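Spelled out, the chains give:
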Amino acid sequence: EGTKPASQRRSRASTFFSRELVFKMGPHNVDKPALSVGYGEDVFKGAIADKYLKANGLQLADLEDYSWIKDSAKPDKIAKAILSWALDRGATNFCHWFQPMTSTFRHGDTGQVQMSMLEFNRDGSTTFELKGKNILFGETDGSSYPNGGMRATHTAGGYLAIDPSSPVFLRDDCIFIPACFVSYNGKALDEKTPLHRAHQSMSKQGARLFKHMGMEITGMVNNIGLEQELFFIPREAYERRMDLQFTGRTVLGRMPARGQEGCDHYMAPIHVDGPALACMKEIQEQCYKLGIPLKTRHREVAPNQYEFAPEFGSVITQTDQNLVVMQICEEVATKHGLVALLQEKPFAGVNGSGKHNNWSISTLCGAQLLNPGDLTAKSGNAEIFPVVMAAIVAAVDEYGDLMRMSIASPGNDFRLGAMEAPPSVISTYLGTQMTAYLKDFMEGNVYEYKPVTTPVDLGVDILPVVQAPCEDRNRTSPFPYGGHRFEFRAVGSSQNVSLVNTVLNAATAKYFAVISERIEAGETAVAVAQDLLKKHSKVVFNGNGYDPTWPDEADKLGINHIDSGVEAINTIVAPKNVAMFKEMGVFDEEECAARREILLEAYVGTIEMEVGCMIDMITQYAVPSAKAAGIDSAAMAEGVTQLKAALAGIHGAADTYESAKLCRILRLETMIKVRTIVDNVEAECPANLWSYATYKELLFLDSGKFK
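Now for a description of the structure that goes with this document. (Residues numbered from 1 in each chain as written. Predicted model: local features only at pLDDT ≥ 70, side-chain atom pairs only at ≥ 80, totals over all residues. Heavy atoms only, no water.)

1. Description of the nonpolar core
Then, in step 1: Grouped together as the largest cluster of nonpolar side chains are 128 residues, with contacts concentrated most on Phe 210, Phe 581 and Ile 618.
Then, in step 2: Ignoring sequence-local partners within four residues, the contact set of Phe 581 consists of Leu 402, Val 503, Ala 506, Ile 572, Val 586, Phe 587 and Cys 592. (Core = buried A, V, L, I, M, F, W, Y, C linked by side-chain atoms within 4.5 Å. Buried < 20%, exposed > 50% of the residue type's maximum accessible area, 1.4 Å probe, protein only. Contact = heavy atoms within 4.5 Å.)

So this is what it looks like as C-alpha cells:
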C-alpha cells in the first residue's frame with residue numbers, strides 16, 4: 001500500500017481509531033464511566049493532570065480553582081507538573097498560544113513563539129526547566145499583528161497572560177498555553193480577552209438579576225456547540241488554482257453539468273475506501289487525544305462538502321478547540337492528498353460553508369436558562385424563564401446590527417440569504433408555542449410555560465411513535481430557538497467565533513442589567529419583561545426568511561437589515577453600541593474604533609488579493625488558452641483593464657471605509673461581470689487546452705477525475 005499515491009492510501013491512524021483503538025480501550029464503558037485509552041492524553045486536565053499534580057504536592061482541585069495564578073507557590077508546582085507530563089509525552093518546547101484579531105488567512109488563526117524548555121548551563125550540561133513565571137506571562141511584538149492603530153513600531157509592546165480556564169495542550173514536541181494578548185496600555189489586541197470580558201459581564205449581571213428573582217447563584221456560564229462545515233478537494237487540482245491557494249475561493253470557474261441539483265450529497269454515505277473518510281477519521285483521532293469529542297461527521301449539501309460537530313462546552317474552551325480543529329483539518333488533509341477549504345464560499349453555484357453557533361446559558365449550579373422545565377424546577381420560580389426570554393428578545397432587537405457585524409466575514413458576502421444561509425435580516429424564530437406563550441405573558445396572563453410535544457404516528461404498527469418537539473426547525477432564521485438553545489446559523493465557516501459570542505454575551509448582559517436596574521428602581525421583574533416584549537417582540541419572525549418579501553416587511557417593522565458587510569462593520573462604532581460595550585466592560589471607544597479599522601482592512605485586503613488573482617489568471621492562463629484554441633480574447637483583455645482601473649480607484653480612496661465600499665462594488669459587480677466573460681470562454685475551449693483546474697476536477701472526489 002505504501003506504493004500507492006497519497007490520495008489512494010488508507011490511513012493507518014484512521015483504521016486504528018475505528019477498530020484497534022476501540023479494542024485497546026479496555027472493558028467497554030457501557031454502564032458506567034471509565035477511562036478510555038488515549039482520550040485526552042495530550043491535554044493537561046482531569047485524570048491526566050491529577051497524576052502529575054499529586055507528584056508535586058497538589059490536587060486536581062488546585063488546577064481547577066483559577067485563583068492558583070495569584071498564589072505565591074502554586075504556579076511553580078503546576079509548571080513542574082506540566083513539564084513532567086510534557087517530557088513523558090516527548091515535548092521539549094512550550095509557547096503561549098493566542099488569537100490575534102481577524103486572522104482569516106493565518107494558518108490556525110493563532111500566534112505563538114515556540115521556546116525550548118532546555119536550559120544550557122555554563123558547565124556544558126543541560127537541564128529541562130519550566131517555572132511558574134514562564135507559564136503565567138509572556139511578551140511579544142504587538143505592532144506586527146492587526147491592531148487598528150493601537151500599537152506602532154515605536155510603541156510595540158504586547159503582553160501575554162495565561163488563560164487558566166482553557167487547558168494546556170500538546171501537539172508534536174510543543175505544549176501550548178492558551179493566553180490573552182494585550183497592549184502596554186491594557187487594550188485588547190486579541191479575540192479572547194473581549195470574550196472573557198463579555199462572558200464575565202453576562203455571568204455577573206445574570207447573578208444580579210436572579211438574586212432579584214429569589215435565586216441566589218454565584219454566576220453563569222455560556223455553553224456553545226459549533227458545527228464546522230468545510231470542503232475537501234483533490235490537492236493536485238488545488239495546486240493548479242492560484243485563487244484557491246491565495247484566497248481560499250475560486251474567482252473564476254464554470255459550473256459543470258452536475259452540481260447539487262439532485263440533493264444527492266447531503267448526508268449520503270461517505271465512500272469507505274475514499275480519501276475523505278480516511279482523512280476525517282484521522283482528524284477525529286487527533287482530536288480524541290486532545291480531548292475534543294468530535295461526535296458527528298457527515299456529508300453536507302454541496303459536492304465534496306462535509307461537517308464535523310463536537311459536544312457542547314464552555315464558550316472559552318469550545319472556541320479554542322474549534323481553532324485547533326480547523327488547523328488539524330488543514331494539516332491532516334495534506335497527508336491524504338487533499339486540501340481542506342474553510343472559506344465560506346469557495347465555489348460559485350453550490351452551497352457555501354457555515355459554522356452554526358449553538359448558544360445557551362446555564363447557572364454554575366447547573367440550571368439551564370433556556371430549558372423552561374429545568375429552570376423552573378431548580379429555581380422554584382416559573383417567572384424567571386419568560387423574563388430571561390424577554391431579555392434575549394430585546395437584545396436581539398436592539399443589537400441585531402452588532403450580530404450582523406460579528407458575522408461580516410468577507411466570505412459571507414456570497415452566502416447570506418442565498419438559500420444556504422439565513423438572510424441579512426437579524427430576526428429570531430421561537431416557534432408557535434413559545435411565541436403564543438410570550439404573547440400571553442406580555443398581555444398579563446402569567447403562568448408557567450410547559451411546552452407540549454406532538455406524537456407523530458408513522459402508520460405502521462411495529463414502528464415507534466415519534467415525539468415531535470414543540471418547535472419545528474427553521475433553517476431560514478439567523479437566530480432560531482429550539483432544543484433548549486439558540487442557533488446563530490449565519491456565522492461563517494472560517495471565523496473565529498470569539499467576536500460572535502462576545503456580542504451575544506455582552507448584549508444579553510446589557511438587558512440583564514436593564515431589568516435589574518428597573519427592579520431596583522421599584523418595578524417588578526414581570527412588569528419590566530412585559531414592557532420589553534411589547535417594544536421588541538417585532539423581532540420574532542416564525543415565517544420563511546427566504547421569502548423575497550420578508551426584507552421589505554422587516555424594514556417596515558424597523559428590524560435590523562444590513563445587506564452590506566461593510567456597512568455592518570461600521571456599526572461597531574455607533575454611539576449606542578460603543579456605550580453598551582463600555583458599560584459592560586468589554587471595549588472602550590478606542591478598542592471599538594480599532595476593531596472597525598481591522599475588519600475593514602481585512603475586507604479590503606481580501607478583495608485586493610482576489611482581484612489580483614483574477615487579473616493574473618486571465619492574463620497568464622485564460623487568454624493564452626483562448627488564443628491556442630482560436631477563441632477571441634479581446635473581451636477578457638478589456639475585463640482586465642476594468643479590474644485594474646477599479647483597483648486604482650480603491651487605492652485612491654479617502655479612507656479605509658471608502659476603500660471597503662468600493663471593494664464591495666468591485667467584488668459583487670465588476671468581478672462577476674468579468675468572471676462571466678471568462679467562464680463563457682472556458683465553455684468553448686477544448687478541455688485539453690484549458691490551463692487551470694476546472695470545477696469538474698475540483699468537486700467530485702468520489703466520482704473519478706474529469707479533465
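Resuming the write-up.
2. Here's the deal with helix α10 (residues 315–335)
Then, in step 1: Between the first and last C-alpha of α10 there are 31 Å, a value that for 21 residues agrees with the 30 Å anticipated at 1.5 Å per step.
Then, in step 2: Positive phi shows up at Gly 337, right after α10, with a value of about 75°. (Helix = DSSP H or I, 4+ residues; strand = E, 2+ residues; numbered from the N terminus. Expected span 1.5 Å × (residues − 1).)

3. A closer look at the packing of helix α14 (residues 431–442) against helix α16 (residues 525–536)
Then, in step 1: Two elements in contact, α14 and α16, have axes separated by 9 Å at closest approach and are oriented at 120°. Accordingly, the angle class assigned to the pair α14 and α16 is oblique. Crossing angle aside, the handedness with which α14 passes α16 is left-handed. Note on element contacts: α16 touches α14 through Val 526, Ala 529, Gln 530, Leu 533 and Lys 534, opposite Leu 438, Phe 441 and Met 442. (Axes fitted to C-alpha atoms, helices over the stretch in contact; angles between N-to-C directions. Parallel < 35°, antiparallel > 145°, perpendicular 65-115°, else oblique. Left-handed = near helix turned anticlockwise from the far one by under 90°.)

4. A word on the pairing of strand β13 (residues 338–341)
Then, in step 1: Neither face of β13 is open: one carries Leu 338 and Ala 340, the other Val 339 and Leu 341, and all of them are buried.
Then, in step 2: Of the pairings in the sheet, the one linking strand β9 (residues 220–234) to β13 comprises four bridges and is antiparallel in character. Within the sheet, the bridge partner assigned to Ile 233 lies in β13 and is Val 339. (Pairing = 2+ DSSP bridges.)

5. Brief notes about a nonpolar patch on the surface
Then, in step 1: Taken together, the side chains of Val 456, Leu 458, Val 460, Ile 462, Leu 463 and Val 466 make up a nonpolar region of the molecular surface, amounting to roughly 530 Å² of accessible area.
Then, in step 2: Within the fold, Ile 462 resides in the loop between β15 (454–456) and β16 (466–468).
Then, in step 3: The class for Ile 462 is exposed, based on a relative accessible area of 78%. (Patch = residues over 30% accessible without salt bridge, like charges linked within 9 Å, V, L, I, M, F, W, Y side chains within 5 Å. Areas by Shrake-Rupley, 256 points an atom, 1.4 Å probe, with all protein chains shown as cover. Salt bridge = Lys/Arg side-chain N within 4 Å of Asp/Glu carboxyl O.)

6. Some words on the packing of helix α20 (residues 589–628) against helix α22 (residues 656–684)
Then, in step 1: Look at α20 against α22: their axes get within 10 Å of each other, and the N-to-C directions meet at 25°. With respect to each other, α20 and α22 are oriented roughly parallel. The crossing of α20 and α22 is left-handed.
Then, in step 2: A class-by-class count of the residues in the contact of α20 with α22 yields 17 nonpolar, three polar and seven charged. (Nonpolar A, V, L, I, M, F, W, Y, C, P; charged D, E, K, R; others polar.)

7. Some details on the side chain of Thr 319
Then, in step 1: Mapped onto the elements, Thr 319 comes out in helix α10.
Then, in step 2: Thr 319 sits in the buried class, given a relative accessible area of 1%.
Then, in step 3: Once you skip the residues sitting within four places of it in the chain, Thr 319 turns out to touch Gln 99, Leu 195, Ile 224, Asn 496, Val 497 and Ser 498.

8. Describing the packing of aromatic side chains
Then, in step 1: For the structure shown, the criterion picks out 22 aromatic pairs.
Then, in step 2: Summarising the aromatic geometry, the rings of Phe 479 and Phe 488 are spaced 5.8 Å apart at their centres and angled 85° between planes, so their arrangement reads as edge-to-face.
Then, in step 3: Given the relative accessible area of 1%, Phe 479 is considered buried.
Then, in step 4: Their ring planes at 5° and their centres at 3.6 Å tell us that Phe 541 and Trp 550 sit as a pair that is stacked.
Then, in step 5: On the basis of relative accessible area, Phe 541 is assigned to the buried category, the value being 17%.
Then, in step 6: Given a relative accessible area of 2%, Trp 550 falls into the buried group.
Then, in step 7: Among the aromatic residues, those joined into a cluster by ring pairs are Trp 359, Phe 479, Tyr 481, Phe 486 and Phe 488. (Phe/Tyr/Trp six-rings, centres within 6.5 Å; stacked < 30°, edge-to-face > 60°.)

9. Some remarks on the pattern of salt bridges
Then, in step 1: Within this structure, the stated rule accounts for 35 salt bridges.
Then, in step 2: For Arg 89, the salt bridge identified is with Asp 42, shortest N-O distance 2.6 Å. Pair noted here: Arg 89 is in the loop between α4 (74–88) and β1 (93–97) and Asp 42 is in the loop between α1 (12–24) and α2 (46–54), with a separation of 47 residues, a long-range link.
Then, in step 3: Using a relative accessible area of 32% as the deciding quantity, one classes Arg 89 as partly exposed.
Then, in step 4: Using a relative accessible area of 9% as the deciding quantity, one classes Asp 42 as buried.
Then, in step 5: Note that Arg 596 and Glu 597 form a salt bridge whose closest N and O atoms lie 3.9 Å from each other.
Then, in step 6: On the basis of relative accessible area, Arg 596 is assigned to the buried category, the value being 18%.

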